[in-house]
Amino acid sequence: MLRVAICERNQEYRFQLAALLEATVKPLACEIESFCCAEELLRCLSGDYAPDVAVLGISSDSERAISLAEKLNLLVPACRIIFVSDELRFATEVYRADHVWFLLRSELSERIVPAMRKALSSIEAYRSHGIVIRSRGKVTVVPLDEVLYLERDGRHTIIRTEKESFTSSEPPSRLLKNALARSFIHSHRSYWVNKDKIGSLAHDDFVLVNGELVPISRSRRAAAREDFISLSEK
């Protein structure tokens, strides 16, 4: 589910942003949370909250919003930031923080759709290069070229690399989306193996480049062989 955070001190503007965003992302599974100040949002980040997109209002005190954006860059690097302001003079100041768009409030209704499209496209590009793990309000991105395989163990997914392992409460179907999913073979009910880490194919296992074995279930053996052969032909 897409998480969108709105941080705006002015209540009227906050309601306006929420209404526009609900209309913009209506076709998507989305959760929109509104915050009246930076401190409130930061408190949630210390828990298990990690937004995908943050829409930050800038008033006469631009330092507060930009400082919040800088903290979001550090704590939730996968989060895409959109700034909204009444004044064009802040357009250059916001470059202190990574963001995808700066909107004038007077153009909000016309510009919010392309701004959100750019944010979502940027998220997709970011995630296609690694597996995004949310935990306790922080986001870790495990680069795709380091991942050996994923293993579903009970209610947790273990992301194995050659050096360490990471754990996520999300199922592989949510961790491996769209372009990222095409980089893995679902070889067993509990295993998803990175195609680039397969060294050879044994009867009931994939042999990885580091020598580890990843099981292939009987029901998936034919499809796994086809996938392996297609890799060898590339």
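Parameters and conventions
- Residues numbered from 1 in each chain as written.
- Predicted model: local features only at pLDDT ≥ 70, side-chain atom pairs only at ≥ 80, totals over all residues.
- Heavy atoms only, no water.
- Salt bridge = Lys/Arg side-chain N within 4 Å of Asp/Glu carboxyl O.
- Phe/Tyr/Trp six-rings, centres within 6.5 Å; stacked < 30°, edge-to-face > 60°.
- Helix = DSSP H or I, 4+ residues; strand = E, 2+ residues; numbered from the N terminus.
- Buried < 20%, exposed > 50% of the residue type's maximum accessible area, 1.4 Å probe, protein only.
- Lys NZ or Arg CZ within 6 Å of the ring centre and 35° of its normal.
- Axes fitted to C-alpha atoms, helices over the stretch in contact; angles between N-to-C directions.
- Parallel < 35°, antiparallel > 145°, perpendicular 65-115°, else oblique.
- Contact = heavy atoms within 4.5 Å.
- Nonpolar A, V, L, I, M, F, W, Y, C, P; charged D, E, K, R; others polar.
- Core = buried A, V, L, I, M, F, W, Y, C linked by side-chain atoms within 4.5 Å.
- Pairing = 2+ DSSP bridges.

**Some thoughts on the pattern of salt bridges**
A side chain with one charge may pair with a side chain of the opposite charge, provided their charged atoms come close.
Inference 1: As enumerated under the stated definition, the model contains 11 salt bridges in all.
Inference 2: With a closest N to O distance of 3.4 Å, Arg174 and Glu170 form a salt bridge.
Inference 3: Look at the salt bridges and you will find they share partners, linking Glu8, Asp86 and Arg105 into a network.

**Considerations on the packing of aromatic side chains**
Inference 1: All chains considered together, the criterion is met by 3 aromatic pairs.
Inference 2: Taking the centre distance of 5.7 Å and the plane angle of 50 degrees together, the rings of Phe35 and Tyr49 count as tilted. Residue Phe35 is located in strand S2 (residues 30–35), and its partner Tyr49 is located in the loop between helix H2 (38–45) and strand S3 (53–58); the two are separated by 14 residues in the primary sequence.
Inference 3: We classify Tyr49 as buried; its relative accessible area is 8%.
Inference 4: Considering the side-chain rings of Phe206 and Phe228, the 6.4 Å spacing of their centres and the 45 degrees angle between planes classify their relative orientation as tilted. Pair noted here: Phe206 is in strand S14 (residues 205–208) and Phe228 is in helix H6 (residues 221–233), with a separation of 22 residues, a long-range link. For the pair formed by Phe206 and Phe228, the shared burial category is buried.
Inference 5: The ring of Tyr13 is capped by Arg105, whose NZ or CZ atom sits 3.7 Å from the centre of that ring.

**Here's the deal with the packing of H2 against helix H3 (residues 62–75)**
Inference 1: Orientation of H2 relative to H3, taken along the N-to-C sense of each, is 10 degrees, at an axis distance of 10 Å. By the criterion of interaxial angle, the relationship of H2 to H3 is roughly parallel. For the pair formed by H2 and H3, the contact residues are Ala38, Glu39, Leu41, Leu42 and Leu45 on the first element and Arg64, Leu68, Lys71, Leu72 and Leu75 on the second.
Inference 2: Of the residues belonging to the contact of H2 with H3, the class tally is 7 nonpolar, no polar and 3 charged.

**Quick notes on the nonpolar core**
Inference 1: Counting 29 residues, the largest nonpolar core has Leu41, Leu56, Leu72, Phe83 and Phe102 as its most contacted members.
Inference 2: Counting only elements with at least two residues in this core, the list comes to strand S1 (2–7), H2, S3, H3, strand S4 (80–85) and strand S5 (101–104).
Inference 3: If one sorts the elements of this core by residue count, H3 sits on top with 5 residues.
Inference 4: If we ignore the near neighbours within four places in the chain, the residues touching Leu72 are Leu41, Leu45, Ala54, Leu56, Pro77 and Ile81.
Inference 5: Counting residues in each nonpolar core, the second largest holds 19 residues, with Val4, Leu17, Val55 and Ile123 among its members.

**Some details on the sheet that holds S5**
Inference 1: With parallel pairing, 5 strands are arranged side by side in an open sheet as S2-S1-S3-S4-S5. Strand pairing shows two members of the sheet lacking a second neighbour, S2 and S5, which therefore form its edges. Averaged over all pairs of adjacent strands, the angle between strand axes in this sheet comes to 20 degrees, irrespective of strand direction.
Inference 2: Sheet topology note: the S1/S3 ladder contains 4 bridges and is parallel. Along S3, the bridge assignment pairs Ile6 with Val55.

Taken by themselves, the reported measurements are silent on function.
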